Amino acid sequence: MTSSHALISNLTKDWIEIMERWQLHLFWIPPAIITFATLIVNPALLMCIFMSPALRRETRYLLVANTLIADILFLFSKLVTMIGNTVRAEIPWFVCQLFTALSVTTSSCTVITVTLMVIDTFTAVRWPLQYHNLVSPARTSGILGVVWLMCTIYPVTLMMMAMKDEIPNNKVALCLTLLSFGFFKAKNMRGIEMYFFVSAVIFTFLICYCYIRLYMVTRTQGIWNRRFSRARVTVLIHGVLLLLYFVPGLVFASEIHIFKEKNISQELVWISTVNANVFMMLPRAFTPWLYGLRYREISENLALLRHRRRESTVS
């Protein structure tokens, strides 16, 4: 237990020294702004979806709502850990592991949900007459429940394994996801790298297959001949957001691979800081605008809610 506590302390100490030397804490400013803005917009969009019976019956809106919920939870954990790291608060190791598990769970859930959006679009284009029978709201809700369960099992299992060897009262001066997984790697939990590698391969294959099939089906319908057609823009938005969500995961997997227990390089700290505070925040900043406000039904419901609130304020 003592050696584990010393390992955690040494890792955080080296990381803090490199961050202070290069003033990398300035990278926390953009995610703080994005987090506060998104935590205002996303709940409003969720209200529009769940308060409308018509939108709740649409599979695409359920998938959008699930993405927004996962992003809210991710940003919440990011905000709490960022505040703690900024003020150098001594965070209990168990709490840090809890936020790490939450971050990994929500990130994985978001990538899978956006992938399901591509599959949903492909199903609607490929089998338009059978679409509503194949993808019902009840079936979609069940699939999303399974997705959350799958995304939760591995991070929570890792957290419980780590807690067996640690003193519950241990505290760390810096709570970062990479440091947590680096500690797991140092403890010879070799399944971590395999988990991220297999996940990356599966998602890459599934995304590429769906996009190739979607392009082959839509090409015969003339969608790609019209530059600004709604269907074409939808497919392109799916592609852009999938790239923005998926690439940071690949970068994070490479960070774990090059992580060294006894020698944290400044290159690794730079890569991790930029990835966590820039690349991972970009899709969360764009999703409410590209998905939520782009849909006419959500925009109309949002305008209606604003109008009702204004009327109630005046009265």
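Look up a bit, the structure's there.
**A look at the overall build of the chain**
Counting its regular elements, the chain contains 13 helices and 2 strands. Each of the 315 residues in the chain was classed as buried or not, and the buried ones make up 45%. Put simply, of all contacts in the chain between residues at least 6 apart along the chain, 84% involve residues at least 24 apart. Of the roughly 16,400 Å² of accessible surface on the chain, a fraction of 68% belongs to carbon and sulfur atoms.

**Quick look at the packing of aromatic side chains**
A complete count under the given rule lists 4 aromatic pairs for this structure. Taken together, the ring pairs connect Trp22, Phe27 and Trp270 into an aromatic cluster. Seen from the ring of phenylalanine 74, arginine 284 lies directly overhead, with NZ or CZ sitting 3.9 Å from the centre.

**Focus: the state of the cysteines**
In the structure shown here, the tally under the stated rule is 1 disulfide. Between cysteine 96 and cysteine 175 runs a disulfide, and the two sulfur atoms are separated by 2.2 Å. Residues cysteine 96 and cysteine 175 are joined by a disulfide whose S-S torsion is about 100°; by sign, that bridge is right-handed. Of the two residues, cysteine 96 sits in helix H5 (residues 93–126) while cysteine 175 sits in the loop between strand S2 (171–172) and helix H8 (177–186), which places them 79 residues apart along the sequence. Of the residues examined, cysteine 96 reaches a relative accessible area of 1% and is grouped as buried. You can call cysteine 175 buried: its relative accessible area is 5%. With no disulfide of its own, cysteine 151 has cysteine 109 as its nearest cysteine by sulfur position, at a separation of 5.0 Å. When its relative accessible area of 2% is taken as the criterion, cysteine 151 is described as buried.

**Concerning the pattern of salt bridges**
Inspection of the entire model under this criterion finds 4 salt bridges. Members of the salt-bridge network, linked through shared partners, are Glu58, Arg60 and Glu297.

**Here we look at helix H2 (residues 29–50)**
Compared with the 32 Å implied by 1.5 Å per residue over 22 residues, the 32 Å span of H2 between its first and last C-alpha is a close match. Residues Pro31, Thr35, Thr38, Val41, Asn42, Leu45, Leu46, Cys48 and Ile49 constitute the buried set of H2.

**A few points about the packing of helix H4 (residues 59–86) against H5**
Orientation of H4 relative to H5, taken along the N-to-C sense of each, is 160°, at an axis distance of 9 Å. Taken together, H4 and H5 sit at an angle that is classed as roughly antiparallel. Regarding H4 and H5, the two cross each other, and that crossing is left-handed. Among the residues making up the contact of H4 with H5, the classes are represented as 13 nonpolar, 10 polar and 3 charged.

**Some words on unusual backbone geometry**
One non-glycine residue with positive phi stands out, namely glutamine 23, at about 55°. For glutamine 23, the position within the fold is in the loop between helix H1 (2–22) and H2. A residue is classified by how much of its surface remains accessible, and glutamine 23, at 41% relative accessible area, is partly exposed. Here the phi dihedral of arginine 88 falls at roughly 55°; this positive angle occurs in a residue that is not glycine.

**Topic: the packing of H2 against H4**
In the contact formed by H2 and H4, the axes pass within 9 Å of each other and the chain directions differ by 150°. In terms of axis orientation, H2 runs roughly antiparallel to H4. Two packed elements cross with a definite hand, and for H2 against H4 that hand is left-handed. Note on element contacts: H4 touches H2 through Tyr61, Val64, Ala65, Leu68, Ile69, Asp71, Ile72, Leu75, Lys78, Leu79 and Met82, opposite Pro31, Ala32, Thr35, Phe36, Thr38, Leu39, Asn42, Pro43, Leu45, Leu46, Ile49 and Phe50. A breakdown of the residues in the contact of H2 with H4 according to their chemical character gives 18 nonpolar, 3 polar and 2 charged.

**Considering the nonpolar core**
Ile49, Val64, Tyr291 and Ile298 are the most contacted members of the largest nonpolar core, which totals 39 residues. Among the elements that make up this core, the one with the highest residue count is H5 (8 residues).

**Focus on a nonpolar patch on the surface**
Among the surface-exposed residues, Met194, Phe197, Val198, Val201 and Ile202 lie close enough to one another that they form a single nonpolar patch of about 490 Å² accessible area. Relative to the elements of secondary structure, isoleucine 202 occurs in helix H9 (residues 191–219).

**Some remarks on the environment of valine 41**
By the secondary structure assignment, valine 41 is in helix H2. Expressed as a C-alpha distance, the spacing of valine 41 and alanine 285, which sit 244 residues apart in the sequence, is 9.9 Å. Valine 41 has contacts with Pro288 and Trp289, leaving out every residue within four places of it along the chain.

Procedures and definitions
- As a convention, each chain's residues are numbered from 1 in the sequence order in which they are written.
- For this predicted model, a pLDDT threshold of at least 70 governs which residues receive local features, and a threshold of 80 or more governs which side-chain atom pairs are given and counted, while totals over whole chains, interfaces and linings are taken from all residues.
- Computation of side-chain values covers all heavy atoms of the structure but excludes hydrogens and water.
- Numbering of helices and strands runs from the N terminus, with a helix taken as a DSSP run of H or I at least four residues long and a strand as a DSSP run of E at least two residues long.
- The buried label goes to any residue with under 20% of its type's maximum accessible area, the exposed label to any with over 50%, and the partly exposed label to all in between, with areas taken from a 1.4 Å probe on protein chains only.
- The contact definition used throughout considers only heavy atoms, calling two residues in contact when any of these lie within 4.5 Å.
- Note that accessible areas follow from Shrake-Rupley with a 1.4 Å probe, and for residues the cover is restricted to the protein chains shown.
- Paired rings are identified among Phe, Tyr and Trp, the last through its six-membered ring, by centres lying within 6.5 Å, and are further divided according to the angle between planes into stacked (under 30 degrees), edge-to-face (over 60) and tilted (the rest).
- A positively charged side chain is recorded as over a ring if its NZ (Lys) or CZ (Arg) lies within 6 Å of the ring centre. The angle to the ring normal must also be within 35 degrees.
- Pairs of cysteine sulfur atoms within 2.5 Å are what we label disulfides.
- For this analysis, a salt bridge means a side-chain nitrogen from Lys or Arg found within 4 Å of a carboxyl oxygen belonging to Asp or Glu.
- Between the first and last residue of a helix there are one fewer steps than residues, each counted as 1.5 Å, and that sum is the expected span.
- Axis angles are defined between N-to-C directions and span 0 to 180 degrees, where every axis is a line fitted to C-alpha atoms and, for a helix, only to the segment in contact.
- Small angles under 35 degrees read as roughly parallel and large ones over 145 as roughly antiparallel, with 65 to 115 read as roughly perpendicular and the rest as oblique.
- By convention, the crossing between two helices is left-handed when the near helix turns anticlockwise from the far helix through less than a right angle, and right-handed when the turn is clockwise.
- Under the convention adopted here, Pro, Cys and the residues Ala, Val, Leu, Ile, Met, Phe, Trp and Tyr are nonpolar, Asp, Glu, Lys and Arg are charged, and Gly plus all remaining residues are polar.
- Among the buried residues, those of types Ala, Val, Leu, Ile, Met, Phe, Trp, Tyr and Cys that are joined through side-chain atoms within 4.5 Å form a nonpolar core.
- Patches here: salt-bridge-free residues with over 30% relative accessible area, like charges joined within 9 Å, nonpolar side chains (Val, Leu, Ile, Met, Phe, Trp, Tyr) joined within 5 Å.

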